Amino acid sequence: MWRFLVRTVAQRLVLLLVISVISHLVIHLAPGEPSAVDPMNPMMKAADIARIRQSFHLDDPIYLQYLHWMRDLLSGELRSFRDGLPVLPRIWSRFLNSLPLFLCTTLIVWTASFPTGIQAALRRGSLYDRSTTFIAYTLISVPGFFLSYLLILWVVRTFHLPVIGLHTFGTENARGVVRVMDRVWHLVIPSIMAALTGIAVLSRYVRSQMLEVLGQDYVRTARAKGLDEDHVVYGHALRNALLPFVTMFGFLLPGLISGSVIFEQIFAWPGLGLLGYEAILTRDFPMILTLNFMAAALTLFGILISDILYALVDPRIRLE
Amino acid sequence: MTTPVIPAQGAEAMVIPAGAAEALAAPETPFEQVWRAFRKDRLAMTGLVVLLGLVLLALLGKLLTEWWVVFDPATVRLPDKLLPPLSAASAALGKGLAPPFGMYPFGTDELGRNVLARMLQGSFVSLSVGIVAVSISLGIGIAVGGFAGYYGQRKLGPISIDSLLMRFTDVVLCFPTFFLILTVVALLPPSIYNIMIVIGITSWMGTARFVRAEFMALREQDFVTAAIALGLPEWRIIFRHMVPNALAPVLVSATIDVAYAILTESALSFLGFGVRPPFATWGNILADGRAYIFDAPWLFIIPGSAILVVVLAFNLVGEGLRDAMNPKLRKRSS
C-alpha cells in the first residue's frame, strides 16, 4: 500500500511537470501578447510596451520564462500582469467564493440523481422510466446558459427578486438573518442550474448500474430467501451498485475550477471560473497558467483519491 | 461493446427461438442486425429523422442564402427591426428588398435582418463546426489509438510505444478542457477554422482509448493472423481489416461528440470568443439575442431551441446506436 502510494505520487508529480511545461508552451507560443491587449490606446507608446515586456520578462527565452514562473509560483511571489498583486491570495479568496457553489451543486446532484435513477431501474420500461430518460437527454442537450437565462427571466418577472451576484445590493448593513437568507437565496438558483446536467448524467448512470446489479444471482438469492423488497434493493443491490460511484468522487474535484466558467459568468458569481475568464480576457499569463496548473493538479489528486477509495471499498482490488 | 455473447445458462442456450429457421436460412449481416435493433428504438428513430431533416435544411439553407438575393441573411432592413415572428414586412421597404412572401416567419433582429435566413445559414455553419471538429478528433484518436494498439509492443529505447502514447493521452486528459479551449481560442486570431481545430484537438482522447482497446483485442483474432499469414502489407491489414472492426464504439462516441462540439461552439459564442460575423451560427445568434431578451425574446428562444433539438437528436441517435450495437442488450430485447 505505502509503496504504491509513493510510486503513484512520484509518477503524478512527473506528469504534473510535463503538463505545466506543455501549458506554458501553448500559452506562450500562441499569438497574442499581454502587451497587445489594447492596441488602439494612443497612450501606449512603443517605449512603454518595451518597458512592460522587459518587466514581465517577455523578451527572455521561453525556458527562462518557465523557470521564472515556476520559481515565483513555488515561493508564493507570483504577481499578476494586470495589476501587480500577488496571484495566490487572490486565487484563495476566489476559491472561498466558489466553494459554497461547488458544495451546494454537488450535494444537489448526488441527492437528486440516486432516487431518480434507482426508481427508473426498478420500473424499467414504465412511463416513469421513459419520461425520466427523455428529460435526462433533454437536460444533457440544452445549453446551460440558455436554460439559465430563461429561468432568470421567469424568476425576475414573476417574483421580482434579484438573482445575480453573491448578495442583493444594499443589504450589507441588514440584520444577520436577512443577510444569511439573502446569501442562501442567491446560492440556490446558480447551484440548481449548474446541477441539472450533473443530475441527468449521474441518474442515467445510476440506472444502468442498478439494472446490471439487479440481474445478478445474489439478488435472486436474496429474493428467494424471502427478504422484503426494500431490503433486497437497498441492502443488497444498491450497496454493490455503489462501487463505481466511489471513484467518481475523485473526478469531481477539477470541476471546482473549470466546470463553472459559464455559470459564474451568467450569475456574476466572483469565483475561480470567472477569475480565469477575466484572466483570459486580459491575457494575464501568470494567472491563466497558475489556474491551469491547479486544475491539472486537482485532476491528478482526484484520480489518486479515487484509486485509494476504490481499493478501500472493494476488497478484491489490491494496490500494487 | 463487441464482447461475444456468452450463453448465461446452459438450459437457456438450448432453447431454439421461434423463427430461428429463417434466421439460419439468410444470416443477417452485422449492419442488418444493428439496424433491426435500432429501428425498434422510437426515440432514436425520431432523432435520426430530425438529423436527416437538418442535413437537408442545412444544404437547402446554404443554397438559398448563397444564391437567392432577397434571402441574403446579411440584408439590413432598418424599417423592419425587431419584428416578432410571422409579421409582415412593412411597405416602407424599397423594391427588391422585401423578404420572400412579404413576411418574416421567425421575425427580425435589431438590424432588421431576417432571422429565418440567418438560422438557415447558421445551420450549415453549426453542423460543419460539429462534423469537422469530430473528424479531426477521430483522425487523431484513430491514429494514436491504432498505433498504440498495433505497434504497442515495440520499444523506443527503454519504454514501449504503447506506454509512451498512452501516458501522453493521460497528460492531455488532465488538462481542464473547456478552460484550455477558451484560452487558446481567445489567444488565436478569431476564425471559424481555429474553433473547429481546437475543439477537435482537445477531444480525441476517448476515441484513442477505445481504438487502442479494440486493436489489442483484434490483433489476437484469427482473421488478423490469417491476413498476416497471407503476407498482406501492414497498412492493408490495419485499414482494410482492423479499422472497420474497431469502428462500432467509435461511431457511438463520435455521434455524441458532434453534439458536444455544437454545444461547445455555442458556449464559446456565449462567452464572446465564438465564430465572428459575417458567419452566422446558432451560437452567436443566441449570444447576440441575449441583449434583447426582454424586448425580443424570439431572438433568444428560436436559436436556443434549435440547438436543443439538434443536440438532443445527436444524443438520442448515439445512445440508440450504443444500445443497438450492444449484443447483450440486443438479445434481451428481442
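Residues numbered from 1 in each chain as written. Chains lettered and ligands numbered in written order. Predicted model: local features only at pLDDT ≥ 70, side-chain atom pairs only at ≥ 80, totals over all residues.

Q: Describe the overall build of chain A, naming the residues involved and giving the relevant values.
A: Scanning chain A for helices and strands turns up 14 helices and zero strands. Traced from its N-terminal end to its C-terminal end, chain A shows the element sequence α-α-α-α-α-α-α-α-α-α-α-α-α-α. Projecting the C-alpha coordinates of chain A onto the three principal axes gives extents of approximately 85 × 60 × 35 Å. Here chain A holds 320 residues, and the buried ones make up 32% of them. For chain A, restricting intrachain contacts to residue pairs at least 6 apart in sequence, the fraction spanning at least 24 positions comes to 72%. (Helix = DSSP H or I, 4+ residues; strand = E, 2+ residues; numbered from the N terminus. Buried ≥ 20, exposed ≤ 12 C-beta atoms within 10 Å, placed from the backbone. Contact = placed C-beta atoms within 7 Å.)

Q: Lay out the overall build of chain B with the relevant residues and their values.
A: In terms of helices and strands, chain B carries 14 helices and four strands. For chain B, the proportion of contacts with a sequence separation of at least 24, taken over those separated by at least 6, is 68%.

Q: Go over the environment of Phe-175 of chain B with me, naming the residues and quoting the values.
A: Structurally, the position occupied by Phe-175 of chain B is in the loop between helix 6 (161–174) and helix 7 (177–187). Apart from residues lying up to four places away in sequence, Phe-175 of chain B is in contact with Ile-19 and Ala-296 of chain A together with Leu-180 of chain B.

Q: Give me the lowdown on the interface of chain B and chain A, citing residues and values where you can.
A: Residue-level contacts link 32 residues of chain B with 35 residues of chain A. At the level of elements, helix 6, helix 7, helix 11 (234–270) and helix 13 (298–325) of chain B are the ones that each hand at least two residues to the side of chain B that touches chain A. The biggest single contributor to the side of chain B that touches chain A is helix 13 of chain B, with eight residues. Tallied by class, the residues present in the side of chain B that touches chain A amount to 26 nonpolar, four polar and two charged. (Nonpolar A, V, L, I, M, F, W, Y, C, P; charged D, E, K, R; others polar.)

Q: Any chance you could break down helix 5 (residues 115–150) of chain B for me, citing the residues and the numbers?
A: Its 36 residues place the ends of helix 5 of chain B 51 Å apart at the C-alpha level, agreeing with the 52 Å of an ideal helix rising 1.5 Å per residue. By the criterion of burial, helix 5 of chain B is predominantly enclosed, with 27 of the 36 residues buried. (Expected span 1.5 Å × (residues − 1).)

Q: Just give me the short version of the nonpolar core, but keep the residues and values in it.
A: Of all hydrophobic cores here, the largest spans 147 residues; its most connected members are Leu-182, Val-185 and Ile-262 of chain B. In contact with Ile-262 of chain B, other than residues within four places in its own chain, are Ser-126, Val-129, Gly-130, Ile-307, Val-310 and Val-311 of chain B. (Core = buried A, V, L, I, M, F, W, Y, C linked by C-beta atoms within 7 Å.)

Q: Can you lay out the packing of helix 4 (residues 42–67) of chain B against helix 13 of chain B for me, pointing to particular residues and giving the numbers?
A: All names here are of chain B. Packing of helix 4 against helix 13 brings their axes to within 8 Å, and their N-to-C directions diverge by 130°. Overall, the two elements helix 4 and helix 13 adopt an arrangement that is oblique. Our pair here, helix 4 against helix 13, has a crossing hand that is left-handed. Facing Leu-43, Ala-44, Thr-46, Gly-47, Leu-48, Val-50, Leu-51 and Leu-54 of helix 4, the residues of helix 13 in contact are Val-309, Val-310, Ala-313, Phe-314, Leu-316, Val-317, Glu-319 and Gly-320. In terms of residue class, the contact of helix 4 with helix 13 is made up of 12 nonpolar, three polar and one charged. (Axes fitted to C-alpha atoms, helices over the stretch in contact; angles between N-to-C directions. Parallel < 35°, antiparallel > 145°, perpendicular 65-115°, else oblique. Left-handed = near helix turned anticlockwise from the far one by under 90°.)

Q: Explain the confidence of the model for chain B to me, using residue names and the numbers behind them.
A: Here chain B averages 81 in pLDDT, while 87% of its residues score no lower than 70. Across the assembled chains, the prediction reports ipTM 0.82 with pTM 0.83. (pLDDT = per-residue confidence, 0-100.)

Q: Which residues make up unusual backbone geometry, and what values go with them?
A: Trans peptide bonds make up the majority, and among non-glycine residues the majority have a negative phi. Residues and elements named next belong to chain A. Phi at His-160 is positive, roughly 55°, even though this residue is not glycine. Checked against the element boundaries, His-160 lands in the loop between helix 6 (144–159) and helix 7 (176–214). Note on His-160: 7 C-beta atoms within 10 Å, which makes it exposed.

Q: Got a sec to walk through the packing of helix 10 (residues 243–252) of chain A against helix 14 (residues 285–313) of chain A? Specific residues and values, please.
A: All names here are of chain A. Helix 14 packs onto helix 10 with a crossing angle of 160° between their chain directions and a minimal axis gap of 7 Å. Considering their axes alone, helix 10 and helix 14 lie roughly antiparallel with respect to each other. Of the two elements, helix 10 crosses helix 14, and the hand of that crossing is right-handed. Residues Leu-243, Val-246, Thr-247, Phe-249, Gly-250, Phe-251 and Leu-252 of helix 10 pack against Gly-302, Ile-303, Ile-305, Ser-306, Leu-309, Tyr-310 and Val-313 of helix 14. In terms of residue class, the contact of helix 10 with helix 14 is built from 10 nonpolar, four polar and no charged.

Q: With reference to specific residues and values, describe helix 8 (residues 192–201) of chain B.
A: What helix 8 of chain B keeps buried is the set Ile-195, Met-196, Val-198, Ile-199 and Gly-200 of chain B. The inward-facing, buried residues of helix 8 of chain B contact helix 5, helix 7 and helix 11 of chain B.

Q: An account of the environment of Val-50 of chain B is needed here, citing residue identities and associated values.
A: Residue and element names in this part refer to chain B. With respect to the helices and strands, Val-50 occurs in helix 4. Under the C-beta neighbour-count criterion, Val-50 is labelled partly exposed, with 17 such atoms within 10 Å. Along the sequence, Val-50 and Val-317 sit 267 residues apart, while their C-alpha atoms lie 9.9 Å from each other.

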